[in-house]
Amino acid sequence: MAIHMFQQLIDTLKKSPKKIVFTEGTDARILEASARLLSGTFLTPVLVGNPEEIQAAAEEAGFNIRGAEIIDPETYPEMDKMVDTMVELRKGKMTADECRAALKKSNYFGTMLVKMGVADCLLGGATYSTADTVRPALQLVKTKPGNKIVSSCFIMVREGVGENTVLAMGDCAINIKPSEDELVEITTEVAHCARIFGIDPKVAMLSYSTKGSGKGEDVDKMRHAYEKVLATNPDFDVDGELQFDAAVSPAVGQLKSPGSPVAGYANTFIFPDINAGNIGYKIAQRLGNFDAYGPILLGLNAPINDLSRGCNAQEVYSMAIITAALA
């Protein structure tokens, strides 16, 4: 685990402690991570579910969750207010009865706790699909002003002698074939996310071509997206379109894009589509010995993140800190 990076995030959180909703309150991995978080003073778990069942599950697994908030949708005193708020947010797409039924489910209930300011952020998906975490977030928390999509980023960390290598990669999990304008939004969000994790982003818009060496509509898409990013964010260190070797090898990068602040020195990578992104981060993870943290969802009004269903308690703990760091 990237101890240095996480210690920096924890130090920041200690100055402004947060509350995080876990939608699967009886899950042993959630309970183990919650017990560990409670031994610090920077992040309070809010567990959704039946208090007796959650306490019994914690005792059975041997985890001390004293200090956690447990909120049961069945007995929540503000449920009527929550239903009214959700009806308003859904703008005629759901009746009050439909909203009340949805709020019996922990993914919708947990998302509304964030929307109503009871908690700062949410981590779900230990037993839910990504869609079941993202859908309530899109319907209730919604995208930030100016954003049209939710995108994602992986933070890749490799332990080094003295210094870690920390990279950002997007979008490797959400948008299948992003358009030029969607790539602009993805690039902006990933660069902002990179900064939270101590990366000074040098952004490479990746392709099978470097500066016109190859031809094709996918090349044009990345070049045009790069031009639009530069026009809207003139302060960004960004270059494109770049092949991966031109992005990371100074000799190749400076030969093919002389004087570029990015070519050869990139640490933030924007992929043309989900195929390239998913394959790319997994190559780094499996062959490059990088730890992959994510997918971190970007573009929402509040941090809501998704766990993989195969996650362990260590990953829950790490993703909880990452999610809170975005709040």
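Up top is the structure these notes are about.
Everything numeric here is computed off the predicted structure, so don't read it as measured data.

Student: Tell me about the overall build of the chain, and name the residues and values.
Tutor: Each helix and strand in the chain was counted, giving 13 helices and 11 strands. In terms of overall dimensions, the chain has a C-alpha envelope of 65 × 50 × 30 Å along the principal axes. Classification of the 327 residues of the chain by burial places 54% in the buried group. Put simply, the chain has 32 plus and 41 minus side-chain charges, and the middle of one group is 3 Å from the middle of the other.

Student: How would you summarise the pairing of strand β5 (residues 151-158) if you had to cite specific residues and measurements?
Tutor: Taken across its eight residues, β5 has seven buried, putting it largely inside the fold. Across six bridges, β5 lies against strand β10 (residues 291-298) in antiparallel orientation. Considered in β10, the bridge of Val157 is made with Asp291. Here β5 runs beside strand β6 (residues 165-170); their pairing, made up of five bridges, is antiparallel. Note that in β6 the partner of Arg158 across the bridge is Thr165.

Student: So what about the pairing of strand β1 (residues 18-22)? Which residues, and what values?
Tutor: For β1, a buried count of four out of five residues is recorded, marking the element as mostly surrounded by other parts of the structure. Relative to strand β2 (residues 43-48), β1 runs parallel, the two being bridged by five bridges. The residue bridging Phe22 from the neighbouring strand is Leu47, located in β2. One crossover worth recording links β1 to the parallel β2 by way of helix α2 (residues 28-38), and it is right-handed.

Student: For empty space enclosed by the protein, give the residues involved together with the corresponding values.
Tutor: Over the atoms, a rolling probe the size of a water molecule traces out where space has been left empty. Within the structure shown, the criterion is met by one cavity of 30 Å³ or more. In this structure, the largest cavity occupies an estimated 30 Å³ of space. For the lining of the largest cavity, the secondary structure elements donating two or more residues are α6 (106-115), β4 (121-124) and α7 (130-141). Across the lining of the largest cavity, the residue classes break down as two nonpolar, five polar and one charged.

Student: A description of the layout of surface pockets should follow, citing residues and the corresponding values.
Tutor: Empty space within the largest pocket amounts to approximately 600 Å³. Surrounding the largest pocket, 26 residues form its lining, Phe154, Ala292, Gly294, Ser308 and Glu315 being those nearest its centre. Top element by residues in the lining of the largest pocket is helix α12 (residues 274-287). It accounts for six residues. Its boundaries defined by the atoms lining it, the second largest pocket holds a volume of some 280 Å³. Surrounding the second largest pocket, 15 residues form its lining, Met169, Phe244, Phe269, Gly280 and Ala284 being those nearest its centre.

Student: I'd like a description of helix α13 (residues 313-325), backed by residues and values.
Tutor: With 13 residues, α13 should cover 18 Å at 1.5 Å per step; its first-to-last C-alpha distance of 18 Å lies within 8% of that length. Counted residue by residue, α13 has 10 buried out of 13 residues, so it is predominantly covered. Turning to α13, its buried residues are Ala313, Val316, Tyr317, Ser318, Met319, Ala320, Ile321, Ile322, Thr323 and Ala324.

Student: Can you explain the packing of aromatic side chains? Please cite residues and give values.
Tutor: Under the definition given, this model contains four aromatic pairs. The interplanar angle of 85° and the centroid separation of 5.2 Å between the aromatic rings of Tyr76 and Phe109 together place this pair among those described as edge-to-face. Taken as a pair, Tyr76 in the loop between β3 (69-71) and α4 (79-90) and Phe109 in helix α6 lie far apart in primary sequence, 33 residues in all. In terms of burial, Tyr76 and Phe109 fall into one category: buried. Ring centres of Phe154 and Tyr281 lie 3.8 Å apart, and the angle between their planes is 15°; on these two criteria the pair is classed as stacked. Highlighted residues: Phe154 in strand β5 and Tyr281 in helix α12, separated in sequence by 127 residues. A relative accessible area of 3% places Phe154 in the buried class. When the ring centre of Tyr317 is taken as reference, the NZ or CZ atom of Arg36 above it lies at 3.7 Å.

Student: How would you explain the packing of α2 against α13 if you had to name every residue and give the values?
Tutor: At a minimum axis separation of 8 Å, α2 and α13 run at an interaxial angle of 55°. With respect to α13, the axis of α2 lies oblique. The handedness of the crossing between α2 and α13 is right-handed. Contacts from Arg29, Ile30, Glu32, Ala33, Arg36 and Leu37 in α2 reach Ala313, Gln314, Val316, Tyr317, Ala320 and Ile321 in α13. For the contact of α2 with α13, the class distribution of residues is eight nonpolar, one polar and three charged.

Parameters and conventions
- Residues numbered from 1 in each chain as written.
- Predicted model: local features only at pLDDT ≥ 70, side-chain atom pairs only at ≥ 80, totals over all residues.
- Heavy atoms only, no water.
- Helix = DSSP H or I, 4+ residues; strand = E, 2+ residues; numbered from the N terminus.
- Buried < 20%, exposed > 50% of the residue type's maximum accessible area, 1.4 Å probe, protein only.
- Lys, Arg positive; Asp, Glu negative; His and termini not counted.
- Charge placed at Lys NZ, Arg CZ, Asp CG, Glu CD.
- Pairing = 2+ DSSP bridges.
- Right-handed = clockwise from strand over helix to strand, strands pointing away.
- 1 Å grid on protein atoms, 1.4 Å probe; cavity = no way out; pocket = protein on both sides within 12 Å on 5 of 7 lines; lining within 4 Å.
- Points joined across faces, edges and corners; volume = space filled by probe spheres on them.
- Nonpolar A, V, L, I, M, F, W, Y, C, P; charged D, E, K, R; others polar.
- Expected span 1.5 Å × (residues − 1).
- Phe/Tyr/Trp six-rings, centres within 6.5 Å; stacked < 30°, edge-to-face > 60°.
- Lys NZ or Arg CZ within 6 Å of the ring centre and 35° of its normal.
- Axes fitted to C-alpha atoms, helices over the stretch in contact; angles between N-to-C directions.
- Parallel < 35°, antiparallel > 145°, perpendicular 65-115°, else oblique.
- Left-handed = near helix turned anticlockwise from the far one by under 90°.
- Contact = heavy atoms within 4.5 Å.

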